[in-house]
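Inside the fold
So the chains spell out like this:
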Amino acid sequence: AWSSSRSPEAGDRAEVLLKRLEQHEHIQPTRWAYNAVIKAWAKTPLPTDGGGGRLSNSNNSNAHKAQAVLDRMLYLFESGENLQVKPDKYSFTTTIDAWAKSNAPDAADRAE
């Protein structure tokens with residue numbers, strides 16, 4: 001549900017749930033769980049300056065956080081720790097979407 005929310009807390013809340021799954025002794029999160037967190041970060045509204053403009057210091061943090069989740073998926077899959085988290089087309093395109101919404105100077109390069 002947090003992945004479809006437009007709440008400013010959606011990304012953080014989804015990340016907390018994923019971390020709980022990762023720490024669970026008998027459950028390994030699947031690609032779906034990681035993709036939901038990436039989507040939550042991509043959809044989480046960015047802070048504004050009060051006048052409708054995005055804050056430059058924080059508006060790329062959602063993209064960085066989505067990228068970090070994708071990077072974690074890649075590591076877990078490639079290391080063999082969790083073969084259920086192989087990133088798919090959705091993992092990559094949703095991360096690209098997060099970068100597209102960011103105005104980080106290197107967003108275009110990172111999305112590539």
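To keep things clear, this report deals only with the structure shown in the data block. Since we're looking at a predicted model, the values are computed, not measured.

1. Details of the overall build of the protein
- For the protein, the count of helices and strands is five helices and zero strands.
- Starting at the N terminus and walking to the C terminus, you meet the elements of the protein as α-α-α-α-α.
- Evaluated residue by residue, the protein yields a buried proportion of 36% over its 112 residues.
- Across the protein, the fraction of contacts at a sequence separation of at least 24, relative to all contacts at a separation of at least 6, is 64%.

2. Focus: the environment of K86
- Looking at the element boundaries, K86 is found in the loop between α3 (61-79) and α4 (89-101).
- Considering only alpha carbons, one finds K86 and L76, ten residues apart in sequence, at a separation of 8.2 Å.
- Apart from the residues within four sequence positions on either side, K86 is in contact with R31, M73 and F77.

3. Regarding the nonpolar core
- In terms of nonpolar packing, the biggest core is built from 20 residues, with Y34, V37, I38 and V69 touching the most fellow members.
- For this core, the secondary structure elements donating two or more residues are α1 (10-23), α2 (31-43), α3 and α4.
- Broken down by element, the residue count for this core peaks at seven residues, all from α2.
- Filtering out sequence-adjacent residues up to four positions away, Y34 remains in contact with L18, E22, P29, V69, R72, M73, L76 and V85.

4. So, α2
- The end-to-end C-alpha separation of α2 is 18 Å, in line with the 18 Å expected for 13 residues at 1.5 Å each.
- Those residues of α2 not exposed but buried are A33, Y34, N35, V37, I38, A40, W41 and A42.
- Summarising the contacts, the buried residues of α2 are in contact with α1, α3 and α4.

5. Re the pattern of salt bridges
- The full count for this structure, using the stated rule, is four salt bridges.
- A salt bridge links R72 to E22; its shortest N-O distance comes to 3.0 Å. In this pair, R72 is assigned in helix α3 and E22 in helix α1, connecting sequence segments 50 residues apart.
- Among the ionic contacts, a cluster of salt bridges with common partners joins E15, E22 and R72.

Conventions adopted
Residues numbered from 1 in each chain as written. Predicted model: local features only at pLDDT ≥ 70, side-chain atom pairs only at ≥ 80, totals over all residues. Heavy atoms only, no water. Helix = DSSP H or I, 4+ residues; strand = E, 2+ residues; numbered from the N terminus. Buried < 20%, exposed > 50% of the residue type's maximum accessible area, 1.4 Å probe, protein only. Contact = heavy atoms within 4.5 Å. Core = buried A, V, L, I, M, F, W, Y, C linked by side-chain atoms within 4.5 Å. Expected span 1.5 Å × (residues − 1). Salt bridge = Lys/Arg side-chain N within 4 Å of Asp/Glu carboxyl O.

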